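Notes for the structure review
If you want the building blocks of each chain, they are given just below.
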Amino acid sequence: MRFRPRTTRAETTRDAVDTVPRLRQLLPLGVQHLLVAYSGMVTVPLLIGIGVGLSTAQIATLITANVLVSGVATLLQTLGIGNVGARLPIVMGSTFTGITPAIIVGKEAGLPAVFGATIVAGLLTWLVAPWFSKLIRFFPPIVTGTIIAIIGFSLLPSTATLIAGSNPDAADHGSAGRLILGLGTIVLTVCLERFAPPAVRRFAILIALAVGTLVAVPLGMADFSSVANAEWVGVVQPFEFGLPAFALSALLPMIIVQLVNMVESTGDTLAIGQIVGRDVGPREISRALRADGIGTAFAGVFGSFTVVTFGENVGLVSITRVMSRFVVATAGAVLVLMSLVPKLGAAVASLPGPVLGGVGVVMFGTVGAVGLRIMGQADLSNGRNILIVAISFGFGLLPVGAPEFYQHLPVVVQTVLTSGIAAGGIAAFLLNLVLNRRERAPRTGPEAAPGY
């Protein structure tokens, strides 16, 4: 099987995206995507469950539901049904943007209100997708590139927690061993990219994860005891936490979260289009956002949270140059399987943090680099474009360096501003309208244009 047939560039890309690799490549390449995304899929329900005060068993239910929803949404996005799904190699999962609103609403009105608001937010996303997608003409390279770069670079600090450990009181928190293991994972990835043959380079992240885990086990940095305690079979039930409730106080913050998600999904979809060489226009954005909406509504039914495109997997496509959407669909299918076999989920969740953190540095950094590459299509000698980048990065990275900066503002405002992706994206969008309003942007996304 060829990922790059000997044809024109457009035909090559089309074949690469729509080609189904042989099973011996399809499965490991799909698992590679799964492993890169899984820590985020587990973290969101874990933090919300802890924040709301759920029991360990209830948190496990949230995690299993989130894995199922992520798998179904990924299949919907990659394979598509009718006018739903971008049919591009995009992994879907729960967004970190919704953590704080979900905890606040969960404490005040209960989880049924969170899930009811999630269903409504998903349906509204599906409804407005065609209109929102037409805003793509306001996303020239200077805006798109800035948003994607902020997505990547704002996620990088989260790798520090994985590498050093989440418990500051732990004896090995930030230890030399953890730091060396994380660095070793990065070095191994670089060596594979430099010296390995192309067929092996496609599996660079998977190999780095496997080797890093094998090294971590004798060092006592990997604990797989939870696998033995997990059940072999488990089925996620709809409305596990009760029938959804619909409260205005819960709807407003979740709708705002979903608006933020739509901006992020638009940026990630445009980035994937750049990487695989496909023109992404309003039609593709609309399909992607419809999949976001249906996936989010499905999440509310099964006790999970708003879903969005996963930026780290955009970086993986860029690194491996494996563009087949069926590879990512395989990751979605395995996620669905894992939701039915909790032992598999427990095994993946037990991967050592320093190894995942090392891989995260590569993935998130790559997403940021893709954003910089798209920004380079704009005229960066233009002082107005530099101002757009400078201020947008300021708004995007400010909440990363000072998480409590906006703590005294109303919750609705915090929901937007404490998300660096949302704050930076909105700033880039508005600044481009103000500073470049007389310049025309291309109709279909990030083809070279100096600004809007």
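Summary of the structure given here. (Residues numbered from 1 in each chain as written. Predicted model: local features only at pLDDT ≥ 70, side-chain atom pairs only at ≥ 80, totals over all residues. Heavy atoms only, no water.)

The next point concerns a nonpolar patch on the surface. A cluster of nonpolar side chains, contributed by Leu124, Trp126, Leu127, Val128, Trp131 and Ile294, occupies part of the molecular surface with about 560 Å² of accessible area. Examined against the element boundaries, Ile294 turns out to sit in helix 13 (residues 282–301). (Patch = residues over 30% accessible without salt bridge, like charges linked within 9 Å, V, L, I, M, F, W, Y side chains within 5 Å. Areas by Shrake-Rupley, 256 points an atom, 1.4 Å probe, with all protein chains shown as cover. Salt bridge = Lys/Arg side-chain N within 4 Å of Asp/Glu carboxyl O. Helix = DSSP H or I, 4+ residues; strand = E, 2+ residues; numbered from the N terminus.)

Axis separation between helix 7 (residues 157–164) and helix 17 (residues 353–375) bottoms out at 7 Å; the angle between their running directions is 160 degrees. With respect to helix 17, the axis of helix 7 lies roughly antiparallel. As for the relative orientation of helix 7 and helix 17, their crossing is left-handed in sense. Counting all contacts with helix 7, which are made through Ser158, Thr159, Leu162 and Ile163, the residues of helix 17 involved are Gly353, Pro354, Leu356, Gly357, Gly358, Gly360, Val361 and Phe364. Along the lines of polarity and charge, the residues of the contact of helix 7 with helix 17 split into six nonpolar, six polar and no charged. (Axes fitted to C-alpha atoms, helices over the stretch in contact; angles between N-to-C directions. Parallel < 35°, antiparallel > 145°, perpendicular 65-115°, else oblique. Left-handed = near helix turned anticlockwise from the far one by under 90°. Contact = heavy atoms within 4.5 Å. Nonpolar A, V, L, I, M, F, W, Y, C, P; charged D, E, K, R; others polar.)

Next up on the list: the pattern of salt bridges. A full pass over the atoms with the stated rule returns two salt bridges. Put simply, Asp18 and Arg325 hold a salt bridge, and the shortest N to O gap is 2.8 Å. Residue Asp18 is found in helix 1 (residues 9–18), and its partner Arg325 is found in helix 15 (residues 325–340); the two are separated by 307 residues along the sequence. Counted as one network, the salt bridges with shared partners bring together Asp18, Arg278 and Arg325.

Another point: the packing of helix 6 (residues 141–155) against helix 17. Running from N to C, helix 6 and helix 17 point in directions that differ by 165 degrees, and their axes come no closer than 7 Å. In terms of orientation, helix 6 and helix 17 fall into the roughly antiparallel class. Helix 6 and helix 17 meet at a crossing whose hand is left-handed. When helix 6 is examined against helix 17, the residues Pro141, Ile142, Thr144, Gly145, Thr146, Ile148, Ala149, Ile151, Gly152, Phe153 and Leu155 are found in contact with a partner set consisting of Phe364, Gly365, Val367, Gly368, Ala369, Val370, Gly371, Leu372, Ile374 and Met375. Residues of the contact of helix 6 with helix 17, tallied by class, amount to 14 nonpolar, seven polar and no charged.

With the exception of glycine, the majority of residues adopt a negative phi angle, and the majority of peptide bonds are in the trans configuration. Of note, Arg87 is a non-glycine position whose phi angle comes to about 55 degrees, a positive value. The backbone of Phe239 shows a phi angle near 55 degrees, a positive value even though the residue is not glycine. Here Phe239 is to be found in the loop between helix 11 (225–229) and helix 12 (248–276). Of the residues examined, Phe239 reaches a relative accessible area of 35% and is grouped as partly exposed. (Buried < 20%, exposed > 50% of the residue type's maximum accessible area, 1.4 Å probe, protein only.)

Counted at 1.5 Å a residue, the expected span for helix 20 (residues 420–435) with its 16 residues is 22 Å, and the 22 Å between its end C-alpha atoms agrees. Taken across its 16 residues, helix 20 has 12 buried, putting it largely inside the fold. All of the buried residues along helix 20 are Gly420, Ile421, Ala422, Ala423, Gly424, Gly425, Ala427, Ala428, Phe429, Leu431, Asn432 and Leu435. (Expected span 1.5 Å × (residues − 1).)

Next up on the list: the side chain of Ser265. Secondary-structure assignment places Ser265 in helix 12. Judged by relative accessible area, Ser265 falls into the buried class, the value being 1%. In terms of polar contacts, Ser265 uses its side chain to reach the side chain of Asp292, at 2.4 Å. Here Ser265 is in contact with Leu289, Asp292, Val308 and Thr309, once residues within four sequence places are set aside. (Polar contact = N/O pair within 3.5 Å; in protein donor to acceptor, adjacent residues only side chain to side chain.)

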